[in-house]
Amino acid sequence: MKKALTIAAMILMSVIVTAQTHSWELASKVDSAIALFGVKVQSDYAYTCGTLSGEFGSHGVIWRTADNGDTWNRVFVVIDSNANTNMHALDFWKDDMGLCVGNDPYITSSFVGKKAQIWRTTDHGSNWGPLNPIIGGFAEFRTIHDVHTPWPDLPFAYIAADDGIVGLSDNRGDTWAFVKLADTLSAVNAVHFITPEVGLVCNDNGEIYRTNDSGHTWMSVYSSPFFGLNDIHFNGAVGICAGGASNLITSADSGQTWSALSNPDMDFYNTAYVICPEDIRGAGEDGNEVVYSVDTGASFMNYLLPSGSGGEWIHKMDFYESKGMAVGTNGYVIRGNGNECLNTGIDNPATAHNLKLWPNPAENILKISLTDIDIEEVQIYSLEGIRFDFGLQKENSVYQLDIRQLPAGIYLIRINKSIARKFTKIDF
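All of the points below concern the structure found in this document. What you are looking at is a predicted structure, and each value in this text was computed from that prediction instead of being measured.

## Here's the deal with the pattern of salt bridges
And then number 1: Under the definition given, this model contains seven salt bridges.
And then number 2: In this structure, Asp70 engages Arg335 in a salt bridge whose closest nitrogen and oxygen atoms are separated by 2.7 Å. Taken together, the positions of Asp70 in the loop between β6 (57-65) and β7 (73-78) and Arg335 in strand β30 (residues 333-337) put the pair 265 residues apart, joining distant regions of the chain.
And then number 3: Residue classification places Arg335 among the buried residues on the basis of a relative accessible area of 14%.
And then number 4: With a closest N to O distance of 2.9 Å, Lys316 and Asp231 form a salt bridge. Remark: Asp231 occurs in strand β20 (residues 229-235) and Lys316 occurs in strand β28 (residues 314-320); sequence separation between them is 85 residues. Each of the two residues, Lys316 as well as Asp231, counts as buried.

Okay, here's the thing in structure tokens:
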């Protein structure tokens, strides 16, 4: 939630302060009979998918909202009287084209079970068609747990599945290649690619695997002392992985090394998200709270969710600019906010543009210079998530901010929505 504060005119410029806290509220409930497992937030629409309990068992369902969760429309459902269908995750390349994954019935004269299934839309989610992926020699490949379509202009897609299987497509899902992780039959629960070459997955066995060659080979980079890693997410080089036994682990080097975080007591984490390198979130079994850190996991705080959402598991959350959603059991959808933080990528834009920020620490005036671009917008975030939008005063090639009204502390400054750096405000 944002609230505007007015600060009197200062010597060099005027400052408009916008408070952006980690706030959440209940959106309209989708359906009490549905367990929601996947969510995707976009500029115009948001989608969620899950499993609807019905007369003939469970049915995979996709819902869409065009008003940030005030109302939901069911756009796709799979009903089969012979066996169950489940939908576990969805992702979109562009606003109109995306994939949903899960499982379909697999029925023969002697066996009723599940087979992996992928559905695709090319019309903003109004219609979905099965792709029927050919699994090759992996006979035990029964359920897909996650899908990642990271780049709008590139045709790559990645899936995580049972029995140590990772799927790769370079043509928006038309065909797939499947790779089995070495020496494991454990379900791969989540997949995330940072670049077309570098990707990571986590599994039920508490392991994280990393690839440097677009998913053709994988190497184990972490083994948790606790079972079950459920979700993995990166923003640039900073990543987080969530799992059982209060397990949140983070990486600052694109997944090459990992370390456990000192986090609040939550029995089981289902999902985690890096909004920007300083701002990471986690949620899970304790459905009445989301934990968050604004200092890259050095410390965590709890945000209690609105009345009526308590006791429900949160399965997944997603963010788009300032919008966020978390979904879980019994059809609950909770909407919140992000800090509109920068996806920095692996290279630091501050280095690329030769950003200079001085003095640091600063008491009264903070000066900024860049070598090759003009500064059009500056935002400052406190470690409590409060955002300050500043006007600028320019003298020659140096920009100046009057920060005397800021309380002492550590802040993140964001320039033109594409460059970020920390600085310290001091009071003598």
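## Description of the layout of surface pockets
Where empty space is left becomes clear once a probe the size of a water molecule has been rolled over the atoms.
And then number 1: By volume, the second largest pocket is sized at about 390 Å³.
And then number 2: Phe37, His145, Asn189, Asn230 and His315 are, among the 15 residues lining the second largest pocket, the residues nearest its centre.
And then number 3: Among the elements of the structure, β8 (86-92), β12 (144-148), β16 (188-193), β20 and β28 are those that each provide at least two residues to the lining of the second largest pocket.
And then number 4: Its residues assigned to classes, the lining of the second largest pocket comprises five nonpolar, six polar and four charged.

Parameters and conventions
Residues numbered from 1 in each chain as written. Predicted model: local features only at pLDDT ≥ 70, side-chain atom pairs only at ≥ 80, totals over all residues. Heavy atoms only, no water. Salt bridge = Lys/Arg side-chain N within 4 Å of Asp/Glu carboxyl O. Helix = DSSP H or I, 4+ residues; strand = E, 2+ residues; numbered from the N terminus. Buried < 20%, exposed > 50% of the residue type's maximum accessible area, 1.4 Å probe, protein only. 1 Å grid on protein atoms, 1.4 Å probe; cavity = no way out; pocket = protein on both sides within 12 Å on 5 of 7 lines; lining within 4 Å. Points joined across faces, edges and corners; volume = space filled by probe spheres on them. Nonpolar A, V, L, I, M, F, W, Y, C, P; charged D, E, K, R; others polar.

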